[in-house]
Amino acid sequence: MEIKPDTLAWKDAYKLLIGSVLPRPIAFVSTLNEDGEANLAPFSFFTGICADPMLVCFAPMLRGTDGSKKDTLSNIEQTKEFVINVVSEEFVERMNNTAIEYPSDVDEFEAAGFEKEPSVSVRPPRVKESKVHLECSLHEVLHFGDEPGAGSLVIGKVNRVNIRDELYADGRIDTEKLNPIGRLAGPSYTKAIAETFTLERKKRPGELK
Ligand SMILES: Cc1cc2nc3c(=O)[nH]c(=O)nc-3n(C[C@H](O)[C@H](O)[C@H](O)COP(=O)(O)O)c2cc1C
């Protein structure tokens, strides 16, 4: 099968994209608008970029219904700050409830029953239930079109990494205690620690046998 995505309706192209790029980690993004109202939403088009400077990015698409910007993107453009809260299995169902398209004045922390905790370096609050938080200042936003199916890339500079003490040892985060989940296609998710295996990275061609 050979498919040219630009010949497809965007929803069909989207299905191929989420079926090809997976499993995806989830950025649970907290923001404030310029009036100080809080917003919380999950984004699985999310990854790290580099360590120094520590940069991360996620990609909010335009709303499929009317092509408008999602509240997370509007808020970041207004206030230039956000927090990426890591999603653990323990609260995945509540996380899913924040993805409902609420009017912009609804605080999804309250709607889905999450607790706010003050951040150290930015104004948007952290999700208290998350065990790792990346506090970010906006580095750059890139836009790719203005119709449903299009989206933007938000690049953030991480000012602070906040880790719950019991997860942190020798400069590393304990994956088992973090218990993160990943998104697959459609409504499917995967547990990061369900069935793991290790594969040491080779350093030299001579190590290949
Ligand atoms: C697990 C999960 C991952 C999601 N990932 C994305 C994504 O990468 N990009 C996107 O535009 N929407 C994504 N969504 C949908 C948004 O969370 C949803 O549109 C939300 O209402 C946006 O909220 P906001 O308008 O408050 O920013 C995802 C939803 C879920 C449940």
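Residues numbered from 1 in each chain as written. Predicted model: local features only at pLDDT ≥ 70, side-chain atom pairs only at ≥ 80, totals over all residues. Heavy atoms only, no water.

**Looking at the site of the ligand**
Then step 1. In the vicinity of the ligand lie 21 residues, with Asn-39, Pro-42, Ser-44, Met-61 and Thr-72 positioned nearest.
Then step 2. Take Ala-99: an N or O atom from its main chain is 3.1 Å from an oxygen atom of the ligand.
Then step 3. Protein contact buries 92% of the 640 Å² of open area that the ligand shows by itself.
Then step 4. Looking at the shell around the ligand, the elements that each hand over two or more residues are strand S2 (38-43) and helix H2 (71-79).
Then step 5. Residue composition of the shell around the ligand, grouped by class: eleven nonpolar, four polar and six charged. (Near = heavy atom within 4 Å. Polar contact = N/O pair within 3.5 Å; in protein donor to acceptor, adjacent residues only side chain to side chain. Areas by Shrake-Rupley, 256 points an atom, 1.4 Å probe, with all protein chains shown as cover. Helix = DSSP H or I, 4+ residues; strand = E, 2+ residues; numbered from the N terminus. Nonpolar A, V, L, I, M, F, W, Y, C, P; charged D, E, K, R; others polar.)

**Re the sheet that holds strand S9 (residues 151-163)**
Then step 1. If you walk across this open sheet you meet the seven strands as S2-S1-S5-S8-S9-S4-S3, and the pairing is antiparallel. Both outer strands of the open sheet, S2 and strand S3 (46-51), are each paired with one neighbouring strand and no more. The mean inter-strand angle of the sheet, taken between neighbouring strand axes irrespective of direction, is 30°.
Then step 2. Examined bridge by bridge, strand S4 (residues 54-58) and S9 share four bridges and lie antiparallel to one another. Within the sheet, the bridge partner assigned to Phe-58 lies in S9 and is Val-154.
Then step 3. Its contacts with the sheet place H2 against strand S1 (27-32), S2, S4, strand S5 (81-86), strand S8 (132-144) and S9, and it is angled at close to 50° to S1. (Pairing = 2+ DSSP bridges. Axes fitted to C-alpha atoms, helices over the stretch in contact; angles between N-to-C directions. Contact = heavy atoms within 4.5 Å.)

**Side note on the pairing of S8**
Then step 1. Where S5 meets S8, five bridges bridge the pair, whose relative direction is antiparallel. The residue bridging Ile-84 from the neighbouring strand is Leu-134, located in S8.
Then step 2. One ladder, built from twelve bridges, connects S8 with S9; its direction is antiparallel. For Leu-142, the partnering residue across the bridge sits in S9 and is Leu-153.
Then step 3. From the end of S8 to the start of S9, which pair antiparallel, there are six residues, and Gly-145 there has a positive phi angle of about 100°.

**What to know about the side chain of Ser-44**
Then step 1. The topology assignment puts Ser-44 in the loop between S2 and S3.
Then step 2. By relative accessible area, which is 14% here, Ser-44 ends up buried.
Then step 3. For Ser-44, the side chain forms a polar contact with the side chain of Arg-24, separated by 2.9 Å.
Then step 4. Those residues in contact with Ser-44 that lie beyond four places of it in its chain are Arg-24, Pro-25, Ile-26 and Arg-183. (Buried < 20%, exposed > 50% of the residue type's maximum accessible area, 1.4 Å probe, protein only.)

**Describing a negative patch on the surface**
Then step 1. A grouping of Glu-34, Asp-35, Glu-37 and Asp-105 is seen on the molecular surface, where their side chains present a negatively charged patch.
Then step 2. Mapped onto the secondary structure, Asp-35 falls in the loop between S1 and S2. (Patch = residues over 30% accessible without salt bridge, like charges linked within 9 Å, V, L, I, M, F, W, Y side chains within 5 Å. Salt bridge = Lys/Arg side-chain N within 4 Å of Asp/Glu carboxyl O. Lys, Arg positive; Asp, Glu negative; His and termini not counted. Charge placed at Lys NZ, Arg CZ, Asp CG, Glu CD.)

Note that all results are geometric; they support no functional claim without further evidence.
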